[in-house]
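For reference, the chains in residue letters:
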Amino acid sequence: YVAGGTVEGCLITGNQACSGTPGIIMTNGVLRDSAIVDNPAGLYGYVSTAGGLDLAGGLVERCRITGNGSAVYSGAGGGIRRRGGEVRNCLVASNHTADLGGGIYLTGGRAVHCTVSANTAIAGGDGLYQNGGGVTNSIVFLNGRCPYVAGQSNVWLAAGSFSFSCATPAVP
């Protein structure tokens, strides 16, 4: 749990949670140059939130968020569940959720200069489910199940802004 200060150069891996977020819950502070890898949530059918990072505030910069997951419905955000704060220059890849937003579930805050790829979400928005906040100068590409099918696999934009970013198909 990060409520302030700086966490830098760390590996957060192998944590498990029956409910809640096994990786990091962050309300303020800075997480920089770190990896959040292989943290499964929602074990044994319990309700979970995000797999890797549950962000309500603060800055996450130059991090790798990969291989995290949420196994049950209502575990939105396999990689990141973001309600506030900023994620900058991060790789969000190979995460999974049974709910919305395999890579990022975004309701507030910003994602800037991020790459979101190879994520899956059973309910939709494999790469990014966005219901608020903003995405700028980011790449959201090749998310979804194999074989890849274009559509809402990369970005499901319900609300918020998606600007100067790349996705297939193009986000209006």
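Residues numbered from 1 in each chain as written. Predicted model: local features only at pLDDT ≥ 70, side-chain atom pairs only at ≥ 80, totals over all residues. Heavy atoms only, no water.

### Quick notes on the nonpolar core
At step 1: Of all hydrophobic cores here, the largest spans 26 residues; its most connected members are Ile-24, Met-26, Leu-53, Val-60 and Leu-128.
At step 2: Elements that contribute at least two residues to this core include exactly β3 (24-26), β7 (53-55), β15 (104-106), β19 (128-136) and β21 (155-163).
At step 3: Each residue touching Ile-24, except ones within four places of it in the same chain, is listed here: Val-2, Ile-12, Leu-31, Ile-36, Gly-52, Leu-53 and Asp-54. (Core = buried A, V, L, I, M, F, W, Y, C linked by side-chain atoms within 4.5 Å. Buried < 20%, exposed > 50% of the residue type's maximum accessible area, 1.4 Å probe, protein only. Helix = DSSP H or I, 4+ residues; strand = E, 2+ residues; numbered from the N terminus. Contact = heavy atoms within 4.5 Å.)

### A word on the sheet that holds strand β10 (residues 69-70)
At step 1: As summarised here, the arrangement of the 4 strands in space is β6-β10-β14-β18, forming an open sheet in which the pairing is parallel. This sheet does not close on itself; its edge strands, each paired only once, are β6 (40-41) and β18 (120-121).
At step 2: Bridge count for strand β14 (residues 96-97) against β18 is 2 bridges, and the pairing is parallel. Bridging across to β18, Thr-97 finds its partner in Ala-121. (Pairing = 2+ DSSP bridges.)

### Quick word on the packing of aromatic side chains
At step 1: Inspection of every chain in the model, using the stated rule, returns 2 aromatic pairs.
At step 2: When the ring of Tyr-105 is compared with that of Tyr-129, the centres are 5.2 Å apart and the planes differ by 15°; the resulting orientation is stacked. With a gap of 24 residues between them, Tyr-105 in strand β15 and Tyr-129 in strand β19 connect regions that are remote in the sequence.
At step 3: When its relative accessible area of 18% is taken as the criterion, Tyr-105 is described as buried.
At step 4: Tyr-129 gets classed as buried once you look at its relative accessible area, which sits at 10%.
At step 5: With centroids separated by 5.4 Å and ring planes inclined at 80°, the aromatic side chains of Tyr-129 and Trp-156 adopt a geometry described as edge-to-face. Of the two residues, Tyr-129 is situated in strand β19 and Trp-156 in strand β21; the sequence distance between them amounts to 27 residues.
At step 6: For Trp-156, a relative accessible area of 27% translates into the label partly exposed.
At step 7: Aromatic rings pair up to connect Tyr-105, Tyr-129 and Trp-156 into one cluster. (Phe/Tyr/Trp six-rings, centres within 6.5 Å; stacked < 30°, edge-to-face > 60°.)

### Side note on the side chain of Asn-39
At step 1: With respect to the helices and strands, Asn-39 occurs in the loop between β5 (35-37) and β6.
At step 2: A polar contact is formed between the side chain of Asn-39 and the backbone oxygen of Ile-12, at a distance of 3.2 Å.
At step 3: A distance of 3.4 Å separates the side chain of Asn-39 from the backbone nitrogen of Gly-14, its partner in a polar contact.
At step 4: Contacts of Asn-39, omitting those with residues within four sequence positions, involve Ile-12, Thr-13, Gly-14, Asn-15, Pro-22, Gly-23, Gly-51, Gly-67, Asn-68 and Gly-69. (Polar contact = N/O pair within 3.5 Å; in protein donor to acceptor, adjacent residues only side chain to side chain.)

### Quick word on the pattern of salt bridges
At step 1: The full count for this structure, using the stated rule, is 8 salt bridges.
At step 2: One salt bridge connects Arg-32 with Glu-61, and the closest N-O pair in it is separated by 2.9 Å. Of this pair, Arg-32 sits in strand β4 (residues 30-32) while Glu-61 sits in strand β8 (residues 59-61), and the two are 29 residues apart along the sequence.
At step 3: Measuring nitrogen to oxygen at the nearest pair gives 2.6 Å for the salt bridge that ties Asp-54 to Arg-83. (Salt bridge = Lys/Arg side-chain N within 4 Å of Asp/Glu carboxyl O.)

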